[in-house]
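# Secondary and tertiary structure notes
Read off the chains here:
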Amino acid sequence: MRVLVVGGGGREHAICWKLKKDNPEIELFCAPGNGGTAQVAVPVAVDAEDIHKLLDFALNQKIDLTVVGPELPLSLGIVDLFQAAGLKIFGPSKLAAEIESSKAFAKDLMKRYGIPTAAYQVFSDEQAALDYINSVGVPLVVKADGLAAGKGVVVCRDRKQAVAAVRECFQTHPKVIIEEFLTGEELSLMAFVDGITVVPMAPAQDHKQVYDGDRGPNTGGMGAYSPLPHIDQSVIEAAVNKVLIPAAEALVRENRSFTGVLYAGLMLTEQGLKVIEFNARFGDPEAQVVLPRMEADLLEIMLACVEHRLDQAAEITWSRNAVVGVVLASCGYPGPYPTGKVIYGVEQAEARSGAAVFHAGTTLKQNQLATAGGRVLTVVGQGADLKQAQNLVYAAVGDISFDGMHFRRDIADKALMKSGQKQAAGS
């Protein structure tokens, strides 16, 4: 079987790694790929957003299944294009993908169908948005209505910051969403969806802020871990029944039936579970910590989604092991950053039992690995529990270096502290 994975980040490396691990015999291609995907898939020199060239490649190479990793090609209609050509492709249509590509659409959809989320207003006029800020006060959250690589969200704690965020968003987007500031525990829950059938994955927790202690600006994600021992299973079940299933059913009713991975970014507030955002694909870096725990054939599950027989697929089980992932970023990220810095120590890190390194912003130059992005690598450690996984991943991180490398040193600390407190209280 010939499979094409579209994208070139850490998520796509994790997808390629899992597909090849489950099915070593498949012919795997990755467009454009990176220095890590090249170890398991044939690189294809076509950018993820060049959907017509990707279609030509898939037709010429007789690709049996295409898997779309990032959000941009989904928003451009790659699924519609491939389906019109008679090709199988894993991902939602352009209309269904608007649950991510338009935050205004997503918020209005949740409001129409009673899916819990923060109170909000949508603005297409800058002055009206600024007047609204003056009327409601801070803190509040400003979101650009469109794709922003995980960085189009600003938590504003003072009026000056809110005004600046609104003005910056309007420079690149026609609409801005201003919403209620929520507090509570965050979690990410993804699910395989084939229209109606919704099969949840293991939950994870992402770390969006660039610095330890959840400080600094939002990024595409600085690390993640799974499972979440400090969050009760009833919360996960509520997320499936009150968020993921209703969202899939709502999209069907709106003639936007969703196939692929539906991602819900959630917050457990004092008022209950609320949706922060939806994504129309695997999270990054959540995929890097969830897929290693998946004890099922990823290719078969994807085919079951595409062929709308997910309800007949084998049950997905999850390893009891814990996985912690730490993102190694370039100096300056999430702002401007240099590239071309030589990366050392990846082989030593990967030699550790239970460790793996997923490449994101890397390239091979004259057989030497170098940086080529803001988020460069996601190092993961798998252990019997979170503490063991955390110890392993930071030991592996210590093996790796490149000029300007920075990372968070507290990934999974929150869960370890809270689950430890629970154990102490019950002992």
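Residues numbered from 1 in each chain as written. Predicted model: local features only at pLDDT ≥ 70, side-chain atom pairs only at ≥ 80, totals over all residues. Heavy atoms only, no water.

Across six bridges, strand β1 (residues 2–7) lies against strand β2 (residues 27–32) in parallel orientation. Pairing of V5 across the sheet is with C30, part of β2. In this fold, the crossover linking β1 to β2 by way of helix α1 (residues 10–22) has right-handed handedness. The pairing of β2 with strand β3 (residues 42–43) spans two bridges and is classified as parallel. Across the sheet, F29 pairs through a bridge with V42, a residue of β3. (Pairing = 2+ DSSP bridges. Helix = DSSP H or I, 4+ residues; strand = E, 2+ residues; numbered from the N terminus. Right-handed = clockwise from strand over helix to strand, strands pointing away.)

In this section: the nonpolar core. Formed by 80 residues in total, the largest nonpolar core has its most connected members in I78, I99, L266, F278, L328 and I400. With ten residues, helix α9 (residues 233–253) is the largest single contributor of residues to this core. Leave out the neighbours within four places in its chain, and F278 touches I99, E100, M110, V243, A247, L262, Y263 and A264. By size, the runner-up hydrophobic cluster in this structure holds 44 residues, among which are L19, Y263, A296 and M302. (Core = buried A, V, L, I, M, F, W, Y, C linked by side-chain atoms within 4.5 Å. Buried < 20%, exposed > 50% of the residue type's maximum accessible area, 1.4 Å probe, protein only. Contact = heavy atoms within 4.5 Å.)

With that settled, the discussion passes to the pattern of salt bridges. A complete count under the given rule lists 22 salt bridges for this structure. Where R309 meets E307, a salt bridge forms, and the shortest distance between an N and an O atom there is 2.6 Å. Residue classification places R309 among the partly exposed residues on the basis of a relative accessible area of 22%. On the basis of relative accessibility, which here comes to 32%, the residue E307 falls in the partly exposed class. (Salt bridge = Lys/Arg side-chain N within 4 Å of Asp/Glu carboxyl O.)

Our focus in this paragraph is helix α11 (residues 298–306). Along an α-helix, a turn takes 3.6 residues, which lines up residues three or four apart on a common side. For α11, the buried fraction is high: eight of the nine residues fall into the buried class. Buried within α11 are the following residues: L298, L299, I301, M302, L303, A304, C305 and V306. Looking one or two places after α11, you find H308, whose phi comes out positive at around 55°.

This next bit is on the packing of helix α7 (residues 126–136) against helix α8 (residues 159–172). Put simply, α7 and α8 touch, their axes get as near as 10 Å, and they point 160° apart. As far as their axial angle goes, α8 and α7 are roughly antiparallel. The handedness of the crossing between α7 and α8 comes out as right-handed. Residues E126, A129, L130, I133 and N134 of α7 form the contact with α8, whose own contacting residues are R159, A162, V163, V166, R167 and F170. When grouped by side-chain class, the residues that make up the contact of α7 with α8 number seven nonpolar, one polar and three charged. (Axes fitted to C-alpha atoms, helices over the stretch in contact; angles between N-to-C directions. Parallel < 35°, antiparallel > 145°, perpendicular 65-115°, else oblique. Left-handed = near helix turned anticlockwise from the far one by under 90°. Nonpolar A, V, L, I, M, F, W, Y, C, P; charged D, E, K, R; others polar.)

Do not read the predicted coordinates in detail wherever pLDDT is low. Confidence in the prediction of the protein chain, expressed as mean pLDDT, is 94, and 97% of residues score 70 or more. Contacts from residues 421–427, a stretch scored under 50 in pLDDT, to residues over four places away or in other chains number three contacts. (pLDDT = per-residue confidence, 0-100.)

Under the defined criterion, the tally for this structure stands at zero disulfides. C169 forms no disulfide, and the closest cysteine sulfur to it belongs to C156, at a distance of 8.4 Å. Judged by its relative accessible area of 9%, C169 falls in the buried class. Here C305 stays unpaired: no disulfide links it, and the sulfur of C16, its closest cysteine neighbor, is 18 Å away. Taking the relative accessible area as the measure of exposure, C305 reaches 0% and is therefore buried. (Disulfide = S-S within 2.5 Å.)

Two pairing modes exist for strands in a sheet, parallel and antiparallel, and in both the strands are linked by backbone hydrogen bonds. The strand order across the open sheet formed by five strands is β12-β15-β20-β24-β21, and the pairing between neighbours is antiparallel. Pairing within the sheet leaves two strands with one partner each, and these edge strands are β12 (205–206) and β21 (355–359). Where strand β15 (residues 223–226) meets strand β20 (residues 322–329), four bridges bridge the pair, whose relative direction is antiparallel. Bridging across to β20, G223 finds its partner in V326.

Before going further, it helps to examine the side chain of T37. Relative to the assigned elements, T37 resides in the loop between β2 and β3. With sequence-adjacent residues up to four places away left out, T37 is seen in contact with E12, H13 and C30.

Attention now moves to the sheet that holds strand β17 (residues 272–279). Strand order in the open sheet formed by four strands is β11-β10-β16-β17, with antiparallel pairing between adjacent strands. Each edge of the sheet is formed by a strand with only one pairing partner; in this case those strands are β11 (198–200) and β17. Taken pair by pair, the neighbouring strands of this sheet meet at an average axis angle of 35°, ignoring direction. Alignment of strand β10 (residues 185–194) against β11, held across three bridges, turns out to be antiparallel. Paired with V193 across the strands is V198, a residue of β11. Together, β10 and β16 (259–269) form the strand contacts of α11, whose direction differs from that of β10 by roughly 65°.

Our focus in this paragraph is the environment of D80. Here D80 is to be found in helix α4 (residues 78–84). Put simply, D80 and L95 are 15 residues apart on the chain and 9.4 Å apart in space, counted from C-alpha to C-alpha. Setting aside chain neighbours within four positions, we find D80 in contact with S93 and K94.

Residue P139 follows V138 across a cis peptide bond; omega there is 5°. Its place among the elements puts P139 in the loop between α7 and β7 (140–144). Residue P227 follows S226 across a cis peptide bond; omega there is 5°. Within the secondary structure, P227 is located in the loop between β15 and α9. One non-glycine residue, N255, adopts positive backbone phi at about 60°. Looking at the secondary structure, you find N255 in the loop between α9 and β16. Residues other than glycine seldom take positive phi values, yet Q366 does so here, at roughly 50°. Relative to the helices and strands, Q366 resides in the loop between β22 (362–365) and β23 (368–371). On the basis of relative accessible area, Q366 is assigned to the exposed category, the value being 81%.

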